[in-house]
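# Reading the structure
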There are 2 protein chains.
Amino acid sequence: MITIKRLGKYTVEMDKQPTIAAYAAVGSRKESEGPLGKQFDKIFYDGYLGLDTWEQAESKMQTEAVEIALEKTGWKSKDMDFVFAGDLLNQCVSSSFAMRSLDMPYLGIYGACSTMAQGLLLSGIMVNSGAASRGVAVTSSHFCTAERQYRFPLEYGGQRTPTAQWTVTGAGGVVVSDSVGKVKIKEGTIGRIVDMGIKDANNMGAAMAPAAAQTLIDYFSDTKKLPEDFDVIFTGDLGQVGSNLLYEILQKEGIHIKHRHKDCGLIIYDRETQDVHSGGSGCGCCASVLCSHILKKMEKGEYKNILFMATGALLSPTTTQQGESIPSIAHLVHLSV
Amino acid sequence: MITIKRLGKYTVEMDKQPTIAAYAAVGSRKESEGPLGKQFDKIFYDGYLGLDTWEQAESKMQTEAVEIALEKTGWKSKDMDFVFAGDLLNQCVSSSFAMRSLDMPYLGIYGACSTMAQGLLLSGIMVNSGAASRGVAVTSSHFCTAERQYRFPLEYGGQRTPTAQWTVTGAGGVVVSDSVGKVKIKEGTIGRIVDMGIKDANNMGAAMAPAAAQTLIDYFSDTKKLPEDFDVIFTGDLGQVGSNLLYEILQKEGIHIKHRHKDCGLIIYDRETQDVHSGGSGCGCCASVLCSHILKKMEKGEYKNILFMATGALLSPTTTQQGESIPSIAHLVHLSV
């Protein structure tokens, strides 16, 4: 008996169907003012969370997301067999500092904004293979830590381009288990790196759309499924520019997803009133949308089958300064009740 | 039937025993002049590898390590079901830029210098679970990219402290398979983050030694094995300072490993003549020692059972500047012929 079956070249099917035992999302004032604001578990109105630095604040959001999720299960962090964590900061320090106090076997991952899907996928494999009974996938981002690391000092007040996205200040954590929970991790597709030569670090939606398209094409080809088999295909975070480009690329392949598609970066904020340009972004964007909105709808039975595909731009400020283009990736998870 | 069995709290045992089909190590002039120099697959005498930047050079070393390893198997990169890759650069760009051209399903990981052990462990789980038939674990470091990112511009010629380690310019890549190869991945222990409050970023051996001790204690406790069950216990990279501290901590627990222990950071260079202070370090250190030296000895039957435990300091220049201490981790893999 094989517990994990390969479907086609890029997709794995989990036969024991690891389940999502609990989840939690935390955010800041801006996220609370968006359309999903009321669905977050906790909102921090102070961007520092009462700490000394924004980096400490981001770490604390990750810890909070995990602790709130764990509270819902009755398990302690020491009952976890692993945690997959990652974030956007250099050397993923939000994650390592956040998880330092929780004493869980720690597996650091880096997928930029695709981190939540990568963590979920690997968590599913860990649990389904018998390597673990239960564990955690978590990620975060913070507008202030990202802005000053990737772009300009906050005090500079730099002008943003129309294609720019707004980094979500938030975190999402999921407890994956071999037994408890309604929502199942059914399949996953590991992305390949795609680089179409886009060099504009303020237009990451355009850089990531081809990677998203490729992973969807791989998934549909591997599983013989259609967009119509899913209530929603969630991407995170292509924003408006990237979403339109994704439709265009897929249409050329005869795949039409527009009627089924939602982008986490487009539903977390109200673009009319919240001045976020092309939409939200950051590891914490699709992680907090998953843990505030998507999983709740699934538990209520409003969604039965969804695809959760998170996209990541695998650049750094150094590579941008050196004139390099932006390699991108998208990992996909099929969730089902 | 369970393909992966949990031993105790932190260790997994792989029953199908995924095998190492091939491996390759590349390095620079300095590594070629060390005691293991002749065992590298390829040496680059130009630190730029003929490219424009050191970052491009480091990426190229990763690509080379994977391509040379794959050549030995007869497989192409497109035959691989995954690659786990990571490195020390911000946003792990050595890895993403290196793997961009190879079209393998890509899973970015970040464990600082513990990356090679983390990649091997996860590769074993992927293959043993049926999620993959074969894949790659690879990592790299480069003295010049690390020095200017973590410490000072190269041109500055900063004085190094006696506890400092020298970042290896090198890469190691391993092809893990479900069928081909003599050396088996038998067990793995996922590390937990340990932070004993060390704040000196020029003394990472001391910061990492407690994490190494904890993982070894966990492994011996989970498996009921003893240091004497192994030909060598390899750590990477504690250097001289960290190794001595490791012996001290373990002795208090009644565990004596000194007679069985080698540190990759201490065997890659000749400390008498190569001016590397406390030893080598960087993701590429234990990765290239594994792929130049350890696995060859195992294939020849000179070593039958070894522990390969890589340690990582999960800090960033930002956290150091903010006065934070250094969270550390160590992941362990038991290799056997």
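Quick notes on the rules
- Chains are numbered independently. Their residues run from 1 in the order of the written sequence.
- Here the convention is simple: chains get letters from A, ligands get numbers from 1, in the order in which they are written.
- Reporting in this predicted model follows two pLDDT cut-offs: at least 70 for local features of residues, and 80 or more for side-chain atom pairs to be given and counted; totals over whole chains, interfaces and linings ignore these cut-offs and use all residues.
- Values reported for side chains reflect all heavy atoms of the structure, with hydrogen atoms and water molecules removed beforehand.
- Strands here mean DSSP runs of E at least two residues long; helices mean DSSP runs of H or I at least four residues long; both are numbered from the N terminus.
- Based on C-alpha atoms, the radius of gyration is set beside the globule rule, defined as 2.2 Å times the residue count to the power 0.38.
- With a 1.4 Å probe rolled over the protein chains alone, any residue whose accessible area is under 20% of its type maximum counts as buried; one over 50% counts as exposed, and the rest are partly exposed.
- A 1.4 Å probe and the Shrake-Rupley method give the accessible areas. Residues count as covered only by the protein chains that appear here.
- The angle between two axes is taken between their N-to-C directions and runs from 0 to 180 degrees, where each axis is a line fitted to C-alpha atoms and a helix contributes only its stretch in contact.
- Roughly parallel means an angle under 35 degrees; roughly antiparallel means over 145; roughly perpendicular covers 65 to 115; every other angle is labelled oblique.
- For a crossing to be left-handed, the near helix must be turned anticlockwise from the far one by less than a right angle; the clockwise case is right-handed.
- Contact criterion: two residues are considered in contact whenever any of their non-hydrogen atoms come within 4.5 Å of each other.
- Note: buried area is the sum, over both parts, of the accessible area (probe 1.4 Å) each one loses when the two are combined.
- Each salt bridge in this description consists of a side-chain nitrogen of Lys or Arg and a carboxyl oxygen of Asp or Glu lying within 4 Å of one another.
- Definition of a polar contact: a pair of N or O atoms within 3.5 Å, with one able to donate and the other able to accept a hydrogen when the atoms are protein atoms, and with sequence-neighbouring residues admitted only if both atoms are side-chain atoms.
- Residues are sorted three ways: Asp, Glu, Lys and Arg are charged, Ala, Val, Leu, Ile, Met, Phe, Trp, Tyr, Cys and Pro are nonpolar, and all the rest, Gly among them, are polar.
- In this text, buried Ala, Val, Leu, Ile, Met, Phe, Trp, Tyr and Cys residues form a nonpolar core when linked through side-chain atoms within 4.5 Å.
- For a helix, the expected span equals 1.5 Å multiplied by the number of residues minus one.
- Bend at a residue means the angle formed by two fitted axes: the first through the 7 residues ending at that position, the second through the 7 residues beginning there.
- Least-squares superposition of the copies uses the C-alpha atoms of those residues scoring a pLDDT of at least 70 in each of them.
- Here, a strand pair is defined by DSSP locating no fewer than two bridges between the strands.

## Comments concerning the overall build of chain A
Scanning chain A for helices and strands turns up 10 helices and 15 strands. Taking 20 Å as the expected radius of gyration for a compact globule of 337 residues, we find that chain A reaches 18 Å, a close match to that expectation. Oriented by its inertia axes, the alpha-carbon framework of chain A measures out at about 60 × 50 × 35 Å. With 337 residues in all, chain A has 66% of them scored as buried. Element-wise, carbon and sulfur atoms account for 49% of the exposed surface of chain A, whose accessible area totals about 11,000 Å².

## Focus: the packing of helix 6 (residues 204–223) of chain B against helix 7 (residues 239–252) of chain B
How two helices sit against one another is set out by the angle between their axes and by the gap between those axes. Residues and elements named next belong to chain B. Taken N-terminus to C-terminus, the directions of helix 6 and helix 7 make an angle of 40°; their axes are 8 Å apart at the nearest point. Put simply, helix 6 runs oblique to helix 7. Pair helix 6 / helix 7 crosses with right-handed handedness. From helix 6, Gly205, Ala206, Ala209, Pro210, Ala212, Ala213, Leu216 and Ile217 reach across to helix 7, where they touch Gly242, Leu245, Leu246, Ile249 and Leu250.

## Re the interface of chain B and chain A
At the interface, 63 residues of chain B touch 63 residues of chain A. Considering only the surface of chain B that becomes buried against chain A, Gln91, Arg100 and Ile193 of chain B emerge as the three largest contributors, covering 14% of it. Across the chain B-chain A interface, the total number found is eight salt bridges. With a closest N to O distance of 3.2 Å, Arg6 of chain A and Asp81 of chain B form a salt bridge. Here chain B is connected to chain A by 34 residue pairs in polar contact (both at pLDDT 80 or more). The set of elements that each furnish at least two residues to the side of chain B that touches chain A consists of strand 1 (4–7), helix 2 (54–73), helix 3 (93–99), strand 6 (106–108), helix 4 (115–128), helix 5 (143–151), helix 10 (317–321) and strand 15 (328–336) of chain B. Classifying every residue of the side of chain B that touches chain A gives 32 nonpolar, 19 polar and 12 charged.

## Some points on the pattern of salt bridges
All told, the structure shown has 27 salt bridges over all chains when counted by the stated rule. Across the pair Asp195 of chain B and Arg100 of chain A runs a salt bridge whose closest N-O atoms are separated by 2.6 Å. Taken together, the positions of Asp195 of chain B in the loop between strand 10 (183–189) and helix 6 and Arg100 of chain A in the loop between helix 3 (93–99) and strand 6 (106–108) put the pair across two chains. Through salt bridges that share partners, Arg6 and Lys9 of chain A together with Asp81 of chain B make up one connected network.

## Structural notes on the side chain of Thr63 of chain A
Here Thr63 of chain A shows up in helix 2 (residues 54–73). Not counting chain neighbours up to four residues away, the residues in contact with Thr63 of chain A comprise Ala98, Met99, Ser101 and Leu102 of chain A.

## Regarding the nonpolar core
Counting 112 residues, the largest nonpolar core has Phe308 of chain A together with Phe308 of chain B as its most contacted members. With residues up to four places along the chain from it excluded, the contact list for Phe308 of chain B reads Met116, Ala117, Leu120, Phe234, Cys264, Cys286, Leu290, Ile294, His331, Leu332 and Val333 of chain B. By size, the runner-up hydrophobic cluster in this structure holds 70 residues, among which are Ala21 and Tyr106 of chain A together with Val26 and Met61 of chain B.

## Some details on helix 9 (residues 283–299) of chain B
All names here are of chain B. A rise of 1.5 Å per residue sets the reference length of helix 9, with its 17 residues, at 24 Å; its end C-alpha atoms lie 23 Å apart and thus fit the reference within 8%. Of all the bends in helix 9, the greatest, near 45°, is centred on Leu290. Summarising burial for helix 9: 14 of the 17 residues are buried, a large majority. Positive backbone phi, at 85°, marks Gly301, one or two positions downstream of helix 9.

## Side note on unusual backbone geometry
Residue Asp237 of chain A follows Gly236 of chain A across a cis peptide bond; omega there is 0°. Its place among the elements puts Asp237 of chain A in the loop between strand 11 (232–236) and helix 7 (239–252). Notably, Leu49 of chain B is not glycine yet its phi reads approximately 50°, a positive angle. By the secondary structure assignment, Leu49 of chain B is in the loop between strand 4 (42–44) and helix 2.

## Examining the relation of the copies chain B and chain A
For the pair chain B and chain A, the superposition axis carries a translation of 0.0 Å, the fit reaches an RMSD of 0.0 Å, and the rotation angle comes to 180°. Put plainly, the chains are arranged around a two-fold axis. Closest approach to the rotation axis within chain B is made by the C-alpha atom of Ile109 of chain B, at a distance of 1.9 Å. With an isologous cut-off of 70% or more, the 100% of interface residues of chain B that recur at the interface of chain A puts this contact in the isologous class.

## Focus on the packing of helix 4 of chain B against helix 9 of chain B
Residue and element names in this part refer to chain B. At a closest axis distance of 8 Å, the pairing of helix 4 and helix 9 adopts a crossing angle of 55°. When the interaxial angle is binned, helix 4 and helix 9 end up oblique. Along its contact with helix 4, which presents Thr115, Met116 and Leu120, the element helix 9 presents Cys283, Cys286, Ala287 and Leu290. Looking at the contact of helix 4 with helix 9, its residues break down into six nonpolar, one polar and no charged.

## Re the environment of His261 of chain B
All names here are of chain B. In this fold, His261 is placed in strand 12 (residues 261–263). By relative accessible area, His261 is classed as buried at 10%. Distance from His261 to Asp231, taken between C-alpha atoms, is 8.9 Å for residues 30 residues apart in sequence. With near-sequence residues (within four places) excluded, His261 lies in contact with Ile233, Thr235, Ser243, Leu246 and Tyr247. A polar contact of 2.7 Å, which involves the side chain of His261, links it to the side chain of Thr235.

## A few points about helix 6 of chain B
Counted at 1.5 Å a residue, the expected span for helix 6 of chain B with its 20 residues is 28 Å, and the 29 Å between its end C-alpha atoms agrees. Lys224 of chain B sits one or two positions beyond helix 6 of chain B and adopts a positive phi of about 60°.

## Structural notes on the pairing of strand 3 (residues 19–28) of chain B
Residue and element names in this part refer to chain B. Across the 10 residues that make up strand 3, a large majority, 10, are buried. Across eight bridges, strand 3 lies against strand 9 (residues 170–177) in antiparallel orientation. Looking across to strand 9, one finds that Ala24 is bridged to Gly173. Of the pairings in the sheet, the one linking strand 3 to strand 10 comprises two bridges and is antiparallel in character. Of the residues in strand 10, the one forming a bridge with Thr19 is Lys184. Alignment of strand 3 against strand 4, held across three bridges, turns out to be parallel. The partner of Ser28 across the bridge, within strand 4, is Phe44.

Limitation: the analysis is restricted to geometry and does not speak to function.
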